[in-house]
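Below, each chain spelled out in residue letters.
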Amino acid sequence: MFASVVVDVPTQQTDRLYDYEVPESWEALVQPGMRVLVPFGPRKIQGMVLAIKASTDVLKTKPLIALLDLTPVLTEELLAIGKWLSNETMCFLITAYQAMLPSALKSTYSKKLVLADGRLPSDLPEELQVFYKNQRAVLWDDVESNLQTMKSVKLALEEGWIDVLYEAKDQTSIKHVKWVTLKQSLTEALASLAANAVRQREAIQLLASHKDGLALSVLSQRSNAGYSSLNKLVEKGIFHLEERELYREPYELMESTSTPLDLTEEQAAVLESIVSATDQSSATTFLLHGITGSGKTEVYLQAIDNALKQDKQAIVLVPEISLTPMMVDRFKKRFGSKVAVLHSALSKGERYDEWRKIHRKEVTVAVGARSAIFAPFDRLGIVIIDEEHETSYKQEEHPRYHARDVAIKRAAFHKCPVVLGSATPSLESRARAQKKRYHYVQLEKRIGKQSYPEVTIADMRDELKAGNRSMFSRQLMDALTETISRGEQAVLFLNRRGFSTFVMCRDCGYVLQCPHCDISLTYHKHHHAMKCHYCGHQEPLPRACPKCESEHIRFFGTGTQKVEEELLKLLPDIRILRMDVDTTKRKGSHAKLLDAFEAHEADVLLGTQMIAKGLDFRKVTFVGVLAAETMLHLPDFRAAEKTFQLLTQVSGRAGRHELPGQVVIQTYTPEHYSIMLSASHDYAGFYKQEMQFRKLSQYPPFYYLALVTITHEDLMECAKEAEKIARHLSQELSDEAILLGPVASPIPKIKDRFRYQCMIKYKDEPKLQPALKQIMALYAERIQKKELQVLIDMQPYSML
DNA sequence: AGCACGCCGACT
DNA sequence: GTCGGCGTGCTC
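Being a predicted model, the structure only gives us computed values, none of them experimental.

**Focus on the pattern of salt bridges**
Here's step 1: Under the definition given, this model contains 31 salt bridges.
Here's step 2: Between Asp69 and Arg35 there is a salt bridge whose closest N-O contact spans 2.8 Å. Here Arg35 lies in strand E3 (residues 35-40) and Asp69 lies in the loop between strand E5 (66-67) and helix H1 (76-89), a separation of 34 residues in the sequence.
Here's step 3: With relative accessibility at 10%, the residue Asp69 sits in the buried group.
Here's step 4: Relative accessible area serves as the criterion here: at 2%, Arg35 is assigned to the buried category.
Here's step 5: One salt bridge in this structure joins Arg334 and Glu298, with 2.9 Å as the shortest N-O distance. In this pair, Arg334 sits in helix H11 (residues 325-335) while Glu298 sits in helix H10 (residues 296-309), placing the two residues 36 residues apart along the sequence. Of the two residues examined, Arg334 and Glu298, each falls in the buried class.
Here's step 6: It is possible to trace a salt-bridge network through shared partners that takes in Glu717, Lys720, Glu721, Lys724 and Arg782.

Following this line, the structure appears as structure tokens:
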């Protein structure tokens, strides 16, 4: 019997199957989806079994060294998904499989020099003896690599004094705990005790009230009985003692404490259509378009509940940033201990524990960020992707997958629905719903009596004209002081993503645009010129605004610290809580800050991206957006969409409870449709207008995109190869496809390597995938030599 | 990725 | 003549 194995060596040459002989004693045990230890050249490495077969074409096979799993860690379905992923995203197979498993299952390798059997350190050359003072093995990396010692090592190896040992270890150390259960009935157990054994009696009584038993240490502590007396009870056969696996975060058997809420008519109708998809095993993708506060989560919860009742499982994806304790609690309260949470803030071990609960079928609901889509369930009944439009569902490293695509692929296998939920659906999804590829369902009413907050747009150009040179408009200052004086709280939002330097006129708000691409030009220090990242258009830096001839034309960008300082100058008595990357670096500080704000320890919460999502504070009635357009002028065709989504989301933070909300959006471009339409809560209007732009400028959802990036140490070489690739592509592709570039990448040099890119816009291009693979093969050797890199991203989410 | 095999320059 | 540089190619 032979096993076809993908080895843990992510390179072009080893990206294939290797056959190994299965030792007879393991024939009944080995299954596809198990990790194995295999010999590979002189080393031992980890591998993934993809198939078992009776014969092989390979003449000289080696046997497997060890089985690393007793049950497969990947199901046949996930093995197939991995193949699909590697093909689709052009990554190595093993890279795809690694992405699907918790990192604790990945091996780390070490090379050691061990003293040969029966040898003593004194047998070795002098300079090696120091390493073996109190050990028989030394790590290769710990041996100083000077010429003399290397020579001695070589000699010692030849003489057989030492051996090289390759080790592969994963991090699956599982903690165990001593666990006791009562073996007899309470009366029986008590009867056999001596009358004066008070502590033992107490222990027995305590244990009788815990059917499932207790950890020995816990029992001892609670009953005041020592370990020796408890051990006597074990010896007597009254207690049963065993080693039990301990999860790092012992999950308390949390009872479900929340019950389904009454649904509005709207909610009930949406729920009904989702539920019937699960019931009829229909792999329908729903786009649930529900405005903030319309009760999407309750619909999710009841749809999941329905799946669970049919003995099926559920995956819920939430953007990393909103995977807060608040969010998780809602699921835990409804489904109790049936929930596993996969969060990147967990330690490797904790993450592995959560994953194991899923693997061992101890839970039926997985809540987590992007990678939770690979939860090894075998009977999926529903997949939910909340905040569907979030860009974090796309992984930026290999494998560059989009969780939404994986979800739909998995759902097709399990014949279950996918629910994409959002208040501001991505244009792609909304367009697919339009084309009936997704089933469109809507929640248009806010629950209860909440009304939309009143949104004011503050034109910063007017402020400047009126002599207000500060970064706060009069509208914002008025609303802020009023809010605080009423004893309520405010959130100030600064979009700092605007690091990319765009140039704007402070008088008329004009931003330099590329005449060919409708994308703002970025300022390049080195060339002292304005450039378009998409088509390569270049023009000199203007002295005066081309539109109004004002000289107040300059770069943009500011930080939260600066805002805090400025605000304190104007209102020295207010308490500000600043939340950004700096203040939330430490683990847990994120939650701490939010708790403090909830407890009204501050009047103003000032922050970036991270405060835009999912936060729900009782007393927040005012939200201010300091610079609405920073994101608008990023060199990204999704800039307007992102701006609209963000502004809509941020305004949703104001007045979610009894108190009415107010929003002020500061901007230099108040007439931009993404700003105007978000202020009037008009998604439909925005969709219409943005679709027009996308159609005109040939972007998704009208065209698919592929981005090929070439990097090289030498600028000329980089440009030359990029040119070659572009030529090759233009030969292969149909006339329908649009090829842009090659041009320098938005970040033209990273780590001393120059970057060029070609963008392909296409509709139906069956030859694209093969052509790209051909290019990869053509450059294989030069890539391997690290001379150049060719990076391919299908459907890139960010052009940066 | 590692590692072995293998073919050219400066040394005992 | 040999030691050792790292280019090339393989790992079931």
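Following the structure, the description resumes.
**Comments concerning the sheet that holds strand E20 (residues 489-493)**
Here's step 1: On the basis of which strands lie adjacent, the open sheet formed by 6 strands has the order E19-E29-E28-E20-E27-E26 and parallel pairing. Edge positions in the sheet fall to strand E19 (454-459) and strand E26 (576-579), since each of these pairs with one other strand and no more. Neighbour-to-neighbour, the strand axes of the sheet open up by a mean angle of 15°, direction not taken into account.
Here's step 2: Contacts from helix H16 (residues 474-485) reach E19, E20, strand E27 (604-607), strand E28 (620-625) and strand E29 (662-667), with the element oriented near 160° to E28.
Here's step 3: Across the sheet, helix H19 (residues 639-651) is in contact with E20, E28 and E29; its angle to E28 comes to roughly 155°.

**What about the protein's contact with DNA strand B?**
Here's step 1: Around DNA strand B, the structure places Val9, Thr11, Gln13, Pro42, Arg43, Lys111, Tyr166 and Lys786.
Here's step 2: Restricting the count to atoms of DNA strand B within 4 Å of the protein gives a sugar and phosphate share of 59%.
Here's step 3: Contact between DNA strand B and Gln13: a base nitrogen at 3.5 Å from a side-chain N or O atom of the residue.
Here's step 4: Separating a phosphate oxygen of DNA strand B from a side-chain N or O atom of Tyr166 is a distance of 2.7 Å.
Here's step 5: Classifying every residue of the surface near DNA strand B by side-chain character gives 3 nonpolar, 2 polar and 3 charged.

**A look at the UniProt feature "domain: Helicase ATP-binding" (unreviewed entry) in chain A**
Here's step 1: UniProt marks residues 277-443 with the feature "domain: Helicase ATP-binding" (unreviewed entry), using the numbering shown here.
Here's step 2: Across residues 277-443 one finds 36% helix and 21% strand; the C-alpha atoms that close the span lie 18 Å apart.

**A short note on the packing of aromatic side chains**
Here's step 1: Going through the model one piece at a time under the given rule, you end up with 10 aromatic pairs.
Here's step 2: With 5.0 Å between their ring centres and 90° between their planes, Tyr18 and Phe40 make a pair best called edge-to-face. Taken as a pair, Tyr18 in strand E2 (residues 17-21) and Phe40 in strand E3 lie far apart in primary sequence, 22 residues in all. The pair Tyr18 / Phe40 is uniform in exposure class, with both members buried.
Here's step 3: Between the aromatic rings of Phe637 and Tyr699, the centroid separation amounts to 4.6 Å while the plane-to-plane angle is 5°, which identifies the pairing as stacked. Of the two residues, Phe637 sits in the loop between E28 and H19 while Tyr699 sits in the loop between helix H21 (683-696) and strand E30 (704-712), which places them 62 residues apart along the sequence. Across the pair, exposure class does not vary: Phe637 and Tyr699 are buried alike.
Here's step 4: Site record: aromatic cluster; members linked through ring pairs are Phe644, Tyr673, Tyr683, Phe686 and Tyr687.
Here's step 5: Its guanidinium or amino end placed over the ring of Tyr18, Arg16 lies 4.4 Å from that ring's centre, counting from NZ or CZ.
Here's step 6: One residue, Arg356, lies across the ring of Tyr352, its end atom 4.6 Å from the ring centre.

**Digging into the sheet that holds strand E12 (residues 285-290)**
Here's step 1: A sheet is described by the order of its strands in space; here 7 strands give the open sequence E14-E15-E13-E16-E17-E12-E18, paired in parallel fashion. Both outer strands of the open sheet, strand E14 (339-342) and strand E18 (439-443), are each paired with one neighbouring strand and no more. Each neighbouring strand pair of the sheet contributes to a mean axis angle of 15°, computed without reference to strand direction.
Here's step 2: Judged from the 3 bridges that link them, strand E16 (residues 380-385) and strand E17 (residues 418-422) form a sheet pairing that is parallel. Directly across from Val383, in E17, lies its bridge partner Val418.
Here's step 3: Packed on one face of the sheet, helix H12 (residues 348-359) meets E14 and strand E15 (365-368) and runs near 140° to E14.

**Some remarks on the side chain of Arg35**
Here's step 1: Polar side-chain contacts of Arg35 include one of 2.7 Å to the backbone oxygen of Leu105.
Here's step 2: At a separation of 2.8 Å, a polar atom in the side chain of Arg35 contacts the side chain of Asp170.
Here's step 3: Setting aside its immediate chain neighbours within four residues, Arg35 contacts Gln46, Gly47, Met48, Leu67, Leu68, Asp69, Val73, Leu105 and Asp170.

**Description of the protein's contact with DNA strand C**
Here's step 1: Within the structure, DNA strand C sits among 14 residues, and Arg16, Asp19, Gly41, Lys62 and Lys151 are positioned closest to it.
Here's step 2: Measuring from a phosphate oxygen of DNA strand C, one finds a side-chain N or O atom of Lys151 at 3.5 Å.
Here's step 3: Those elements giving two or more residues to the surface near DNA strand C turn out to be E2 and E3.
Here's step 4: In terms of residues, the surface near DNA strand C owes the most to one element, E2, which gives 3 residues.
Here's step 5: Among the residues making up the surface near DNA strand C, the classes are represented as 5 nonpolar, 4 polar and 5 charged.

**Quick word on the environment of Ala679**
Here's step 1: Along the chain, Ala679 falls in helix H20 (residues 673-679).
Here's step 2: Each C-alpha atom of the pair Ala679 and Ser651 lies 8.3 Å from the other, and the pair is 28 residues apart in sequence.

Thresholds, definitions, all that
- Chains are numbered independently. Their residues run from 1 in the order of the written sequence.
- Here every chain gets a letter starting at A, and every ligand a number starting at 1, in the order they are written.
- Where totals are concerned, whole chains, interfaces and linings use all residues; where local detail is concerned, this predicted model gives features only for residues with pLDDT of at least 70, and gives and counts side-chain atom pairs only at 80 or more.
- With hydrogens and water stripped out, all remaining heavy atoms of the structure feed into the side-chain values.
- We define a salt bridge as a side-chain nitrogen of Lys or Arg found within 4 Å of a carboxyl oxygen belonging to Asp or Glu.
- Strands here are runs of E lasting at least two residues and helices are runs of H or I lasting at least four, both read from the DSSP assignment and numbered beginning at the N terminus.
- The buried label applies to any residue whose accessible area, calculated with a 1.4 Å probe on protein chains only, is under 20% of its type's maximum; exposed applies above 50%, and partly exposed to all values in between.
- Here, any two strands with at least 2 DSSP bridges between them count as paired.
- To define axes, lines are fitted to C-alpha atoms, for helices over the stretch in contact only, and angles between the resulting N-to-C directions are given on a 0 to 180 degree scale.
- Contact definition: two residues touch when any of their heavy atoms are within 4.5 Å.
- Proximity is defined per residue: any heavy atom of the residue falling within 4 Å of a molecule or strand makes that residue near it.
- By the criterion applied in these results, polar contacts are pairs of N or O atoms within 3.5 Å in which, for protein atoms, one can donate a hydrogen and the other can accept it, and in which residues neighboring in sequence qualify only through two side-chain atoms.
- Only Asp, Glu, Lys and Arg are considered charged in this grouping, and only Ala, Val, Leu, Ile, Met, Phe, Trp, Tyr, Cys and Pro are considered nonpolar; every other residue, Gly among them, is considered polar.
- UniProt positions are given in the numbering used here, feature names are shortened, and annotations may be inferred rather than shown by experiment.
- Stacked, edge-to-face and tilted labels apply to pairs of Phe, Tyr and Trp rings (six-membered ring for Trp) whose centres lie within 6.5 Å, assigned for plane angles under 30 degrees, over 60, and everything in between, in that order.
- Placement of a charge over a ring requires the Lys NZ or Arg CZ to be within 6 Å of the ring centre, with the centre-to-atom vector within 35 degrees of the ring normal.

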